Amino acid sequence: MNVTLDYLKSNRKWLVRDFQVWGDDGAVEADILATENDISGSKVVYLREFSGGLAQVVHFDDLTDHRGNPLPSTLDNPEVILIPKNGIISFVQGIVGPSAFRIARERLEPAYGLVDLLILEMC
Amino acid sequence: MHKLLATSAAARPTGSSPQRKLFRVPDGVFKGRLVALFMDSATGISLTYSDNPYSSWSTPQQIISNSFDSPFSAAMDIYGNIRIVYTDAAKDIKYLKLSFAAGAWNAGSAVTVVSVDDSYNAFILAGDDGKLWCIFVNHQVSSDFNYYVRVKISSNDGQTWGGGSLDLGTQLSSGSTNICFVTARQLASAIYAVYTFNRSALNYRVYDLEAGLWGAENAIHSGNYIDDNFDIDIGSDKKLGVVFAVSSVPGIYFKEFDGSAWSGLQQVEPCESKSPQIFYTGGTANIFYAGLLGNSYRIPRFATKSGDSFSVSDYSPAIGLFDTVLVYDDSAVSKYEDKTAAAGDSVGGDVFHSFSTALIESVGDCLYLGKTNRHFCCAIVLSAAGAGGQVVWEYFDGALWKSFIPANGTYHFDSAERLVYLWTDGESAPIDWQVGTVNGFSAYWVRARVSTAYTTKPIGSQIAPAPRLTDLVLARNGF
């Protein structure tokens, strides 16, 4: 293992301050395996949608860290830690993907939760 | 997202509502990996998997080659191992474990669960105590020809079941002249087995894990005809939710059991529906199903319980109805006419331009199909098929109309009905397909433009971005 390279590539982290959370936990992330019939036969298809509620999907490349640097569009094995700022419980919903994650707040009032996002690339 | 995984010649490639076929690895390095099981043919069962964001799937790998063409079920444990129960070619119930290691699933040897008479529609559940429960339907062809719901247990990870393959296990139902369907869930120290009886009832029995006994059979609902259009789940408040469809009465219905009493019957949506799925987020019941749009086209619908009622919507913004349907007659004074409402319903012969009385007729006439989201298919039902004419299919790239040939072949409105797949799937839509404005409506547009005039003009009945959805299953691990 190249320790230096591993060090440089691993454990990158970003702090995103004062992020507003408006997604609500009523939104359902539903993965479906389905059959569609056509004249040519049956198709096996995968469907994925967020249904109900307000789904807030955060893409890493839409974020800017506390130094003003944009985040990469994809991260290797990322984790997201939320640091609450206004007393509204906010949380990551489902799986943190390589390019995006979902975030939601527990209560609908006030209108949004305020958090700092600590984003870690675990590699 | 709409992603084509495979085509199949099986009767029901993704199986039956009460069963499980789509799983998510719950933990470890491969946490979040989705794995789908389906019948790839009348005899084969295949596996494919994908990681977030699930737009690319592995090449399907056949894991079973001697299946009967009948629905099967599976479950995934916390380590990612998958257990499958299926009917084999001899109509015995077989059990197969797929061990998960280094990101791949490796099949062990199949074990016969039961080999007496014929058996179908198996469901597998792993109890918290480590035991495996296989609930199945045995067709007693050697005696009374009735179908019986039975259960067998394995205490050694599926190596042996009950007293061996000749042991029929415990009988849960009385004899039914029609085939039954089964599912099960564990709630605290009880196993709930829910099953249909003779197409006329949805019943359940409860196994008390502490007492080691099955309770008496109770009815959830009765009516004609109840087949495999049902599903169950358990909420965080320990309520058992049941969703089902009865083919004699259009609609999706819901009941909930709080441990001592059942709620009243609630109608989720009155439209004719099938293949319902239910899962709870917290104490809220979420229901998914294939709702009939008309003319055999079914679309995925979503309902969430809010108080005593349900909020119902389309599951996917790409599937349902077009936001705008315009007919364009190049020779008319008023060239565009909005036929959105007429195209959405299944009333016959009401989609045409008032000047030509045709859907499209002369060179330059167009049918414009607009949706605010990218879509992938178009169900077209005509009251009169066209003849002699040809169209060019085009999409709008933000500046120009670009011609394309639909993925399942071009269609010139010359047959009474056609499900046109514009692209192979939703993921295959052209990346340069852009929102444009036609007659003041902003949408992702596709149009069929007449390049050769018709001698017999087509007239439309229903035009919608709707597939023929038959079976659907949600991702759930079944443990």
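Predicted model, so just to flag it, every value in this text is computed and none were measured.

A.B. asks: Can you walk me through the overall build of chain B in this structure?
C.D. replies: Helix and strand counts for chain B come out as one helix and 38 strands. Taken over C-alpha atoms, the radius of gyration comes to 25 Å for chain B, in line with the 23 Å a tight globule of 479 residues would show. Taken along the three principal axes of its C-alpha coordinates, chain B extends 80 × 50 × 45 Å. Counting only residues that meet the buried cut, chain B has 57% of its 479 residues in that class. For chain B, contacts bridging at least 24 residues in sequence account for 55% of all contacts bridging at least 6. Entry remark: accessible area of chain B is about 17,100 Å², with carbon and sulfur atoms responsible for 50%.

A.B. asks: So what exactly am I meant to see when it comes to the overall build of chain A here?
C.D. replies: Along chain A, the regular secondary structure elements total one helix and eight strands. Ordering the α and β elements of chain A from the N terminus gives α-β-β-β-β-β-β-β-β. Looking at chain A as a whole, 46% of its 123 residues are labelled buried. Across chain A, every contact between residues at least 6 apart in sequence was considered, and the portion connecting residues at least 24 apart equals 67%. Counting every atom, chain A has about 6,200 Å² of accessible surface; 53% of that belongs to carbon and sulfur.

A.B. asks: What is the right way to read the environment of alanine 9 of chain B from this model?
C.D. replies: Residues and elements named next belong to chain B. With respect to the element layout, alanine 9 can be found in the loop between β1 (2-8) and β2 (22-24). Exposure remark for alanine 9: the relative accessible area of 65% places this residue in the exposed category. Sequence separation of alanine 9 and methionine 39 is 30 residues, and the distance between their C-alpha atoms is 8.3 Å. Setting aside residues up to four positions removed in sequence, alanine 9 forms contacts with Asp40, Ser41 and Ala42.

A.B. asks: What exactly am I supposed to notice about the sheet that holds strand β8 (residues 113-121) of chain A here?
C.D. replies: Working definition: the strands of a sheet are paired by backbone hydrogen bonds and lie parallel or antiparallel to each other. Residue and element names in this part refer to chain A. A sheet is described by the order of its strands in space; here three strands give the open sequence β1-β8-β5, paired in antiparallel fashion. Here the strands that pair on one side only, and so sit at the sheet edges, are β1 (13-21) and β5 (78-84). Each strand of the sheet is rotated relative to its neighbour by a mean of 25 degrees, with strand direction disregarded.

A.B. asks: So what exactly am I meant to see when it comes to the pattern of salt bridges here?
C.D. replies: Close approach of charged atoms allows side chains with opposite charge to pair. Residues and elements named next belong to chain B. Evaluation of the coordinates by the stated rule reveals 25 salt bridges over all chains. Aspartate 88 is paired through a salt bridge with lysine 94; the nearest N and O atoms lie 2.9 Å apart. Grouping residues by exposure puts aspartate 88 and lysine 94 together as buried. A salt bridge links lysine 402 to aspartate 432, with the shortest nitrogen-to-oxygen separation between them at 2.6 Å.

A.B. asks: Would you mind going over the confidence of the model for chain B with me for this structure?
C.D. replies: Low-confidence regions, as indicated by low pLDDT, have predicted coordinates that should not be scrutinised in detail. Taken as a whole, chain B shows an average pLDDT of 95; of its residues, 100% reach a score of 70 or greater. Here the predicted complex carries an ipTM of 0.95, next to a pTM of 0.87.

A.B. asks: Got a minute to help me understand the side chain of threonine 87 of chain B in this structure?
C.D. replies: Residue and element names in this part refer to chain B. Relative to the helices and strands, threonine 87 is located in strand β7 (residues 82-87). Overall, the relative accessible area of 1% leaves threonine 87 in the buried class. In terms of polar contacts, threonine 87 uses its side chain to reach the backbone carbonyl oxygen of serine 119, at 2.9 Å. With residues up to four places along the chain from it excluded, the contact list for threonine 87 reads Ser67, Phe68, Ser70, Asp92, Ile93, Ser119, Tyr120 and Asn121.

A.B. asks: Hey, could you run me through the interface of chain B and chain A in this one?
C.D. replies: How big an interface is tends to be stated in terms of the accessible area lost upon association of its parts. Facing 48 residues of chain B, the contacting portion of chain A comprises 26 residues. For the pair chain B and chain A, the summed buried area comes to about 3,300 Å², and 61% of that belongs to carbon and sulfur atoms. Of all residues in chain B, the largest losses of buried area upon contact with chain A belong to Met1, Asn52 and Tyr315 of chain B, amounting jointly to 20% of the total for that side. On inspection of chain B and its partner chain A, the count reaches one salt bridge. Here aspartate 31 of chain A and arginine 24 of chain B are joined by a salt bridge, their closest N and O atoms 2.8 Å apart. Counting every contact that joins chain B to chain A gives 20 residue pairs in polar contact (both at pLDDT 80 or more). When residues of the side of chain B that touches chain A are traced back to their parent elements, those giving at least two are β1, β2, β3 (34-39), β24 (273-281), β25 (284-294), β26 (297-306), β34 (417-421) and β38 (469-474) of chain B. No other element matches β1 of chain B, which puts seven residues into the side of chain B that touches chain A.

A.B. asks: Just checking my understanding: could you explain the sheet that holds β3 of chain B for this structure?
C.D. replies: Residue and element names in this part refer to chain B. Spatially, the four strands line up as an open sheet ordered β2-β3-β4-β5, and their pairing is antiparallel. A strand with exactly one partner marks an edge of an open sheet, and here the two such strands are β2 and β5 (61-64). Here the average twist between neighbouring strands, direction ignored, is 30 degrees. Where β3 and strand β4 (residues 45-50) come together, six bridges link them in antiparallel fashion. Bridged to leucine 34 within β4 is serine 50.

A.B. asks: In this structure, what is going on with the packing of aromatic side chains? I would like to understand it.
C.D. replies: Think of a pair of aromatic rings as described by two things: how far the centres are apart, and how the planes are tilted against each other in angle. All names here are of chain B. If you walk through the whole model with that rule in mind, you get 35 aromatic pairs over all chains. On the basis of an interplanar angle of 55 degrees and a centroid distance of 5.9 Å, the ring pair of tyrosine 204 and phenylalanine 257 is categorised as tilted. A residue pair is termed long-range when its members are at least 10 positions apart, and tyrosine 204 in strand β17 (residues 201-208) and phenylalanine 257 in strand β22 (residues 249-257) qualify at 53 residues. Across the pair, phenylalanine 257 and tyrosine 204 agree in class, each one buried. Centroid distance tyrosine 368 to tryptophan 445: 6.1 Å. Interplanar angle 90 degrees. Geometry classified as edge-to-face. On the criterion of sequence distance, the pair formed by tyrosine 368 in strand β30 (residues 366-371) and tryptophan 445 in strand β36 (residues 441-452) is long-range, its members being 77 residues apart. In terms of burial, tyrosine 368 and tryptophan 445 fall into one category: buried. Ring pairs connect the aromatic residues Tyr328, Tyr336, Tyr368, Phe396, Trp401 and Trp445, which therefore count as one cluster. The residue whose ring lies beneath lysine 21 is phenylalanine 72, and the NZ or CZ to ring-centre distance is 4.5 Å.

Quick notes on the rules
Along each chain, numbering runs from 1 in the same order as the chain's sequence is written. For naming, the first written chain is A and the first written ligand is 1, with later ones following in the order written. Since the coordinates come from a predicted model, pLDDT governs what is reported: local features require at least 70, and pairs of side-chain atoms require 80 or more to be given and counted, while whole-chain, interface and lining totals use all residues. Note that the side-chain values use all heavy atoms of the structure and ignore hydrogens as well as water. In this text, helices come from DSSP runs of H or I with a minimum length of four residues, and strands from runs of E with a minimum of two, each type numbered from the N-terminal end. The reference for a compact globule is 2.2 Å times residues^0.38; the radius of gyration itself is calculated from the C-alpha atoms. Between buried and exposed lies partly exposed: a residue is buried under 20% and exposed over 50% of the maximum accessible area for its type, with that area taken using a 1.4 Å probe on protein chains only. Only heavy atoms enter the contact rule, under which two residues are in contact if any of them lie within 4.5 Å. The accessible surface values rely on the Shrake-Rupley method and a 1.4 Å probe; as for residues, cover is taken only from the protein chains in view. Pairing between strands requires that DSSP locate at least two bridges from one strand to the other. Axis angles are defined between N-to-C directions and span 0 to 180 degrees, where every axis is a line fitted to C-alpha atoms and, for a helix, only to the segment in contact. By convention in these notes, a salt bridge is any Lys or Arg side-chain nitrogen within 4 Å of a carboxyl oxygen on Asp or Glu. Per residue, pLDDT measures the predictor's confidence, with a range of 0 to 100. For this analysis, a polar contact is any N or O atom pair within 3.5 Å, provided that within protein one partner can donate a hydrogen and the other can accept it, and provided that sequence-adjacent residues contribute only side-chain to side-chain pairs. Defined in terms of a 1.4 Å probe, buried area is the accessible area two parts forfeit on being brought together, summed over both. The criterion for an aromatic pair is that two Phe, Tyr or Trp rings (for Trp, the six-membered ring) have centres within 6.5 Å, with stacked assigned to planes under 30 degrees apart, edge-to-face to planes over 60 apart and tilted to the rest. Whether a charge sits over a ring comes down to the Lys NZ or Arg CZ being within 6 Å of the ring centre and within 35 degrees of the ring normal.

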